[in-house]
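Fold and geometry: a report
What follows is the residue order along each chain.
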Amino acid sequence: EGLAMHFWPRGLLGGLVVLVGACQTTSPMQRDVFDNGVVRFRLPVPDGQWRRVQVDKIDVAWTNREGSSLLANAYCTGVDDAPLEVLTNHLFIGMTDRNLLQQYKTELSHREALVTDMDAKLDGVARRTRAVVVKKDGCVYDLVLSSPPEAFPEATEHLDALLAKFEILARPNRAASTPDVPEGQ
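Below is a summary of the structure that appears in this document.

Despite not being glycine, D123 shows a phi value in the positive range, around 55°. By the secondary structure assignment, D123 is in the loop between β8 (111-122) and β9 (125-136). Residue D123 is classed as exposed on the basis of its relative accessible area of 65%. At D137, a position not held by glycine, the phi torsion is positive, near 50°. The topology assignment puts D137 in the loop between β9 and β10 (139-147). Using a relative accessible area of 15% as the deciding quantity, one classes D137 as buried.

Ranked by internal contacts, the top residues of the largest apolar core, which has 27 residues, are V39, F41, L43, L108, Y141, L143 and F166. Those elements that provide at least two residues to this core are β5 (58-63), β6 (69-75), β8, β9, β10 and α3 (152-165). Take this core: its biggest share by element is five residues, from α3. With residues up to four places along the chain from it excluded, the contact list for F166 reads F41, R42, L43, L108, S109, Y141 and L143.

Applying the stated criterion across every chain yields a total of four aromatic pairs. Where F41 meets F166, the ring centres are 5.7 Å apart and the plane angle is 45°; that geometry is what we call tilted. Of this pair, F41 sits in strand β3 (residues 40-42) while F166 sits in the loop between α3 and β11 (167-169), and the two are 125 residues apart along the sequence. Look at Y141 and F166: their rings are 6.3 Å apart centre to centre, the planes differ by 65°, and that puts the pair in the edge-to-face class.

The next thing to look at is the environment of A126. Checked against the element boundaries, A126 lands in strand β9. Spatially, the C-alpha atom of A126 lies 8.9 Å from that of D97, the residues being 29 residues apart in sequence. Setting aside residues up to four positions removed in sequence, A126 forms contacts with A120, K121, P148 and P149.

So, about α3. With 14 residues, α3 extends 20 Å from end C-alpha to end C-alpha; this agrees with the ideal 20 Å at 1.5 Å per step. Looking only at α3, the buried set comprises F152, A155, T156, H158, L159, L162 and L163. For α3, the angular spread of buried residues about the axis comes to 160°, placing them on one side. Away from the buried face of α3 by more than 90 degrees, exposed residues P153, E154, E157, A164 and K165 are located. Looking at the buried residues of α3, the elements they touch are β5, β6, β7 (96-108), β8, β9 and β10.

The rules behind each value
- Sequence order as written defines the numbering, with residues in each chain counted from 1.
- Side-chain atom pairs in this predicted model are given and counted only at pLDDT of 80 or more, local residue features only at pLDDT of at least 70, and totals for whole chains, interfaces and linings cover all residues.
- Side-chain numbers come from the whole structure's heavy atoms, not from hydrogens or water.
- Every helix listed is a DSSP run of H or I at least four residues long, and every strand listed is a run of E at least two residues long, numbered separately from the N terminus.
- Burial classes follow relative accessibility: with a 1.4 Å probe on protein chains only, a residue under 20% of its type's maximum area counts as buried, one over 50% as exposed, and anything between as partly exposed.
- Throughout this description, the term nonpolar core refers to a set of buried Ala, Val, Leu, Ile, Met, Phe, Trp, Tyr and Cys residues connected via side-chain atoms within 4.5 Å.
- Contacts between residues were defined by any pair of non-hydrogen atoms, one from each residue, lying within 4.5 Å.
- Pairing of aromatic rings covers Phe, Tyr and the six-membered ring of Trp, with a centre-to-centre limit of 6.5 Å; geometry is then stacked below 30 degrees between planes, edge-to-face above 60, and tilted otherwise.
- A helix is expected to span 1.5 Å for every residue after the first.
- Note that the arc is computed from the directions linking the helix axis to the C-beta atoms.

As C-alpha cells, then:
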C-alpha cells in the first residue's frame, strides 16, 4: 500500500493514518533534537509501544500497535501570516464527516498555539485527531496525534508528555532569536 498523502505541508493526515508505505531515509533526528538545516526542535521519544517510522515529507513520526500515529512537522517556505485556525483547518483537508470536539489556545515553546480535537473520517475510517499548531520565527510547527477513537485517551497521554517537553530551538544559519519581551519593557 502506498501513502494516502494529500499535498504537504498541509493536508497531512492521510499520510499520518497510512504509514505503511514509509520510505527509509536517514533522519535528521538525533536523540531528542530534530535538525534538518532549516528548523530545529526538541521532541522526546514517546514512551511505551511507539515505533519510529520514516515518512516522506514528514519530519518525525511514530506509530503504535493500537493504530495511533504521532508526528511533528515544520516548514518555513510559503508561510503566510495566516491565523492558527486557518493553518489548522488545512491539516484536515481530505477528511470527511468532520466533527469539532474542542478547540482552544495554549502556550507552546513560548508562543501561542492552537489545539484542536476533531472526529473525522479518512477513506471512510473513523479517526480522532488532536492537532497542535504553533508559529515561530517565520515557520509553522504541527504536532499531530491521529488515533482510532477508542485508543485516543491513552494516546493523548503520550502526546501530552511530548508537548510538555517540546521546544523550538534557534534556527540554523539564522541569528538567535531574541527572547519574547512584553510590550512596554
